[in-house]
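# Close look at the chain arrangement
The residues making up each chain are set out below.
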Amino acid sequence: MPKAPVTFILNDAEAALFVDAGAPLIDVLRRGVGDLTPKHGCGQGTCGACTVLIDGKAHLSCLTLAETVEGKRVDTTAGLAGGPQLHALQDAFIEGFAAQCGFCTSGMLMAAKALLDANPDPSRAEVIEAISGNLCRCTGYEPIVDAILTAAARTQRRAV
Amino acid sequence: MSSIEFRKDLFADERDDNLKEIGKPTVRQDILGHVTGRTPYYDDHLFDGMLHMRAVRSPHHHAEIRSIDTSAAERMPGVRRVATARDVPNNLNTLLSLINFGRDDEPLCAHDKVRYRGEAVAWVIADTERQARDAVAAVRVDYSVLRHVLDVEEALAPGAPVVNEVYPNNSFDYHAKYDHQKLRFGDVNAAFARADHVIEAEYQMSPIEQAPIETCGAIAAPETNDRFVCHTNTQALFFSLGTTAKLLDMASSRLHFIGGTAGGGFGGKVDSIVEPTAVLGAVLTGRPVKFAWDRHEEMQVGAPRGGERWRLKDGVMHDGRIIAREFTGFFDSGAYMRLSPYAIIKGTGHLPGPYSIPNVASNVYCCITNRTPATAMRGFGITAVDFAIECQMDRIAEAVGMNPVELRILNAYRDGDMKAHRRKAKNTALIECCQVAASKANWPISASAASQSSLAGGGQGDRGAIPESATDEEGRIGDRRQGKVATTSPSKSASGRVPAGTHTEAIVGAPVQNPDMQIDAERIGHRMGAAPTVPTASTTTSPPATPTSAAPPALAPGQPVAPPAPPSVPAPPVAASPVAPQQPAARSPVTPAPYEPAQPFNRGVKRPGSSPFTSGFRRR
Amino acid sequence: MLSVETYQTITEAAGALGDRSRYIAGGTLVMRAVTYGDQSFDRIVRVRQTDRNIGNDAAGLRIGAGATMSDILASGDAEVLHPVARLVGGPALRNMATIGGNLFAPNPYGDITVALLALDAQVVMANGQSLPVESFLSGRDQLRGLVAAVTVPRIEPGSFLFSKVSRVKPKGVSVMSIAVSSRRGDPRVVFGNMGPLPTRARAAERALAQGSDANAIAAACAVCTEGLAPVDDALASSWYRREVAPVHLRRLLQNGGRV
């Protein structure tokens, strides 16, 4: 099987490996590098469970040809916490009961991070728009939207 | 904004609020794993040299399999094994055989014919998923297409094609007697005759896919000591283990199942298909094998909540009291039975909804069609009929010109009322729900309706007793297919009557298997010691009682009865399906004989030395 | 067995295309086909750097085929397409999906193409040839070559209306999309998912050419499904689409601005 070399930055560390021709980024992250945080939900860009950041922008890793991330920066939920210190989004998700089965959570967090990095003080409508490509079957979304707003408010050092 | 309002003022004395956890916000114990992405789902277990297994699936609803040519697929790059039905040691099962319910009717892999679009006819195991997919496309199956049936009532018609030969009438056989589940409580036909309005309507619910974000899947791998480990996202780990042991004819002690973490399930992950398939792959190749559905398969072959059709007929008085309710229900089980026949029994116990109605009859059919088999989903067996019932309540309110909330409060069941399945209602709260909902929606209700309570007036007089019931024996197994039964609705003419109450004779259902399953005798409405009840003219002809604002309506004037003498021993439960009275009912002995199963309880696997946890006598 | 070929220029890539090959840009269509085992191709052709430039020139708005929905939303020049691009997928998908790919998206996708047909856009091929979207679509399946860019003739602000009907809020796949444009009394009404390809509702266009008052709108809605063959899929039946199309067209024309 033809292989292609790919080098990219994954959560501050360099990843260099050979990937199968045509492999999607999610397979390379999960099976190649061993970063299991992106989840495979649909393989067609509908559910958003595989959302990662490529050069800071949200992308669907199931629809990304792995070799196109050559030289780019990829961020996943595995790199969200700074050591033992959780990201504000993670804390807010925990307190706000914003996950039940947890399968959409990684993708939700990355979609939310992309939003807050670009827009630290979003409106509720902007939060809803930012996660509109991420499906959740358990929560009904409201706790997730609340948690993202809580994290934004805390990061902005405002009282909730 | 999400907000929850606790109405702790309601039923305050029925609840202990000094609990440490219950009723208080808490942090999920698994959520740290979720937000850090470390929660180990089945697919997060990495195995060196793991192979990928994919199914070859039927493009037809119904077709005979003439031949399967796997030779080209076997020569494809990366292909390790192509498997067919011949590789499944015991290729016939029904999910609930583990609790001795139903007949084995479903192969893991179709061999003689396919019964729904997407049914597996072969599998390919290859080094990569892509190679497996390429080889699947190279398997040639020669089909001879058969006539199919996709509608429940067409499936019951005499000329319908036989979908599943194990159930040649396209319907489940209930209690070895009828082609439907019967419920008879009181006499609906007599009540319809005196009702001021008779309201009929049909309701239908399409199949609904559970659509978990994580599709069904399993990874199986050889372990030491000739065992196989299986990481799975099943919602029913020991069901899946027992099913795998049966289909693969393996001692369950050779199976090491690891689960408990599912990326959503909602009922769609109980069917135990991916687990035996993955373990079969591991057995055939000696390598770790992953078998998972992609999203398209999850939608096409993942069992949904089945479609249902319900016809309701209500007899209603001018004042809004419902005096009779009749159901004709059809469950679309798809090509195989799985859990639908059980869901119907559960659903029948729910009829006629949360209302006190003195005359109820129901025929519910579990139909086999050439659709994807149906399975569990949140409240299955209840959801569709509840939709039908509540739509029907609005129709009734319109017909009698009544506030729909007040109509519900008028007919609501209350603590102590006898339900049609012959258990007394307890912890009822419909009235309070209606009152709170009306107030939240600013929907005005009368002071009288606002003053009602689920705790007051329930079980008074006939509300708490089992009425004399008209029975019939229409719809015996096979009669419909021979054109002997014209209608599907409950019979218009009774062929027998079950006396009111159960006096000293119990109608014996399945004996309880554990003492803690014994129903509290006080709750099941026995009128022990009452004189054998003879139907009296007054029961059917006297004018209906007028409801008063404070007291709930009497269901029907009845004879004064002697206070029930509690049975000296817990009485066996009453079967929801009354048997014909002339049939010699088992005499309720003063002391029921201890339960001794005639057959050893087993999970369908008859093998020497098998685990006591999956076979042998049920422990007492 | 799959292979990926990477070229420097779109002309080279166009030359490398042949049987059993697919060109990949954003990946939202091709990678899905790869993952689901599409047996119709095994060569994936790509260029290292796609043309993502958006700008106005003499002919109007020019959008490089590699421009993503997010690129369009970030460009003030492409403002006319903002209400359309905003309705495509979620943010992650919009960061990937390109306008070039959208021209090839099968039902129920391809909302931008519905708009481009209404706007009378031209498709510029890698070999320099330029053709109207309408003829591009009718020959799409036999097409050889690659799309280099799309040009959109200038249109007065407010003369273009778009709506996407979905069953999921805030965002879902389209049951149908409707684009209406009016240039100098020459209205165009285009439906997506009301046929195998984005389709002009010519009877409705003729009715709107008579005027833009309530009577003309009513007349246009009454005939808007004439000649259309609505899609029958899991999202909605053909019957349903035919029933609701006039309702959605009327809402768009009445509430969406002047036409």
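Residues numbered from 1 in each chain as written. Chains lettered and ligands numbered in written order. Predicted model: local features only at pLDDT ≥ 70, side-chain atom pairs only at ≥ 80, totals over all residues.

Another point: the sheet that holds strand E3 (residues 51-54) of chain A. All names here are of chain A. Spatial ordering of the open sheet is given by E2-E1-E5-E3-E4, a layout of five strands whose pairing is mixed. A single partner strand is all that each edge strand has here, and the edge strands are strand E2 (13-20) and strand E4 (57-60). Neighbour-to-neighbour, the strand axes of the sheet open up by a mean angle of 40°, direction not taken into account. Here E3 pairs with E4 via four bridges, running antiparallel. Bridge pairing links Thr 51 to Leu 60 in E4. Packed onto the sheet, helix H1 (residues 25-33) meets strand E1 (3-10) and E2 and runs at close to 105° relative to E2. Where helix H3 (residues 105-118) meets the sheet, its contacts fall on E3 and E4, and the angle it forms with E3 comes to roughly 35°. (Pairing = 2+ DSSP bridges. Helix = DSSP H or I, 4+ residues; strand = E, 2+ residues; numbered from the N terminus. Axes fitted to C-alpha atoms, helices over the stretch in contact; angles between N-to-C directions. Contact = placed C-beta atoms within 7 Å.)

Moving on, we get to the interface of chain A and chain C. Each partner contributes residues to the interface: chain A has 28 residues there, and chain C has 22 residues. Sorting elements by how many residues they give to the side of chain A that touches chain C places E4(A) first, with four residues. Per-class residue counts for the side of chain A that touches chain C are 14 nonpolar, 11 polar and three charged. (Nonpolar A, V, L, I, M, F, W, Y, C, P; charged D, E, K, R; others polar.)

Below, the discussion takes up the environment of C:Ala220. Tracing the sequence through the fold places C:Ala220 in helix H10 (residues 214-223). Here C:Ala220 is in contact with C:Ala204, C:Ala207, C:Leu208 and C:Leu249, once residues within four sequence places are set aside.

Our next topic: the environment of B:Ala221. Residues and elements named next belong to chain B. Position of Ala 221 relative to the elements: it lies in strand E9 (residues 217-222). Under the C-beta neighbour-count criterion, Ala 221 is labelled buried, with 25 such atoms within 10 Å. Along the chain, Ala 221 and Ala 278 lie 57 residues apart, while their C-alpha atoms are 8.5 Å from each other. In contact with Ala 221, other than residues within four places in its own chain, are Phe 47, Phe 228, Val 229, Ala 282 and Pro 288. (Buried ≥ 20, exposed ≤ 12 C-beta atoms within 10 Å, placed from the backbone.)

The next thing to look at is the nonpolar core. Grouped burial of nonpolar side chains is what soluble globular proteins tend to show. Within the largest apolar cluster, 265 residues are counted, with the highest numbers of intra-cluster contacts made by B:Val124 and B:Ala278. When residues of this core are assigned to their parent elements, the largest contribution, eight residues, is made by H3(A). Not counting residues within four places of it along the chain, the set of residues in contact with B:Ala278 comprises B:Met53, B:Ala218, B:Ile219, B:Ala220, B:Cys230, B:Val289, B:Lys290 and B:Phe291. (Core = buried A, V, L, I, M, F, W, Y, C linked by C-beta atoms within 7 Å.)

Moving on to the interface of chain A and chain B. Listed as interface residues are 32 residues of chain A and, on the opposing side, 26 residues of chain B. For the side of chain A that touches chain B, the elements supplying multiple residues, two or more each, are helix H2 (88-95), H3 and helix H5 (142-155) of chain A. The class makeup of the residues in the side of chain A that touches chain B is 17 nonpolar, 11 polar and four charged.

Turning our eyes to something else, we now look at the domain arrangement of chain C. Residue and element names in this part refer to chain C. With domains assigned, chain C is organised as domain 1 (3-47), domain 2 (54-152) and domain 3 (171-255). When each unit is reduced to the centre of its C-alpha atoms, the spacing between domain 2 and domain 3 is 21 Å. Across the contact, 13 residues belong to domain 2 and 17 residues belong to domain 3. The dominant element in the side of domain 2 that touches domain 3, judged by the number of residues it contributes, is helix H7 (residues 111-118), at six residues. The residue inventory of the side of domain 2 that touches domain 3, partitioned by class, reads seven nonpolar, four polar and two charged. (Domains from an automatic or database assignment.)

Residues and elements named next belong to chain B. Structurally, Asn 363 is set in strand E15 (residues 360-368). Along the chain, Asn 363 and Thr 328 lie 35 residues apart, while their C-alpha atoms are 5.0 Å from each other. Not counting chain neighbours up to four residues away, the residues in contact with Asn 363 comprise His 180, Lys 182, Thr 328, Gly 475, Thr 488, Ser 489 and Pro 490.

Here we take up the pairing of strand E14 (residues 322-334) of chain B. Residue and element names in this part refer to chain B. Among the 13 residues in E14, 13 count as buried, and that is most of the element. Here strand E13 (residues 308-316) pairs with E14 via nine bridges, running antiparallel. If you follow Glu 308 over to E14, its bridge partner there is Phe 331. The turn linking E13 back onto E14 is made up of five residues, and Gly 320 within it adopts a positive phi angle of 100°. Across nine bridges, the pairing between E14 and E15 is parallel. Opposite Phe 330, over in E15, you have Tyr 365 as the bridge partner.

Another point: helix H10 (residues 383-400) of chain B. For H10(B), with 18 residues, the first-to-last C-alpha span of 26 Å sits near the 26 Å given by 1.5 Å per residue. Every buried residue belonging to H10(B) is among B:Ala384, B:Val385, B:Ala388, B:Ile389, B:Gln392, B:Met393 and B:Ile396, and all of these are buried. (Expected span 1.5 Å × (residues − 1).)

A few words now on the packing of H2(A) against H3(A). All names here are of chain A. Here H2 crosses H3 at 130°, and the two axes come no closer than 10 Å. As far as their axial angle goes, H3 and H2 are oblique. In the packing of H2 onto H3, the handedness of the crossing is right-handed. Contact residues: H2 offers Leu 89, Gln 90 and Phe 93, while H3 offers Thr 105, Leu 109, Ala 112 and Lys 113. Broken down by class, the residue content of the contact of H2 with H3 amounts to four nonpolar, two polar and one charged. (Parallel < 35°, antiparallel > 145°, perpendicular 65-115°, else oblique. Left-handed = near helix turned anticlockwise from the far one by under 90°.)

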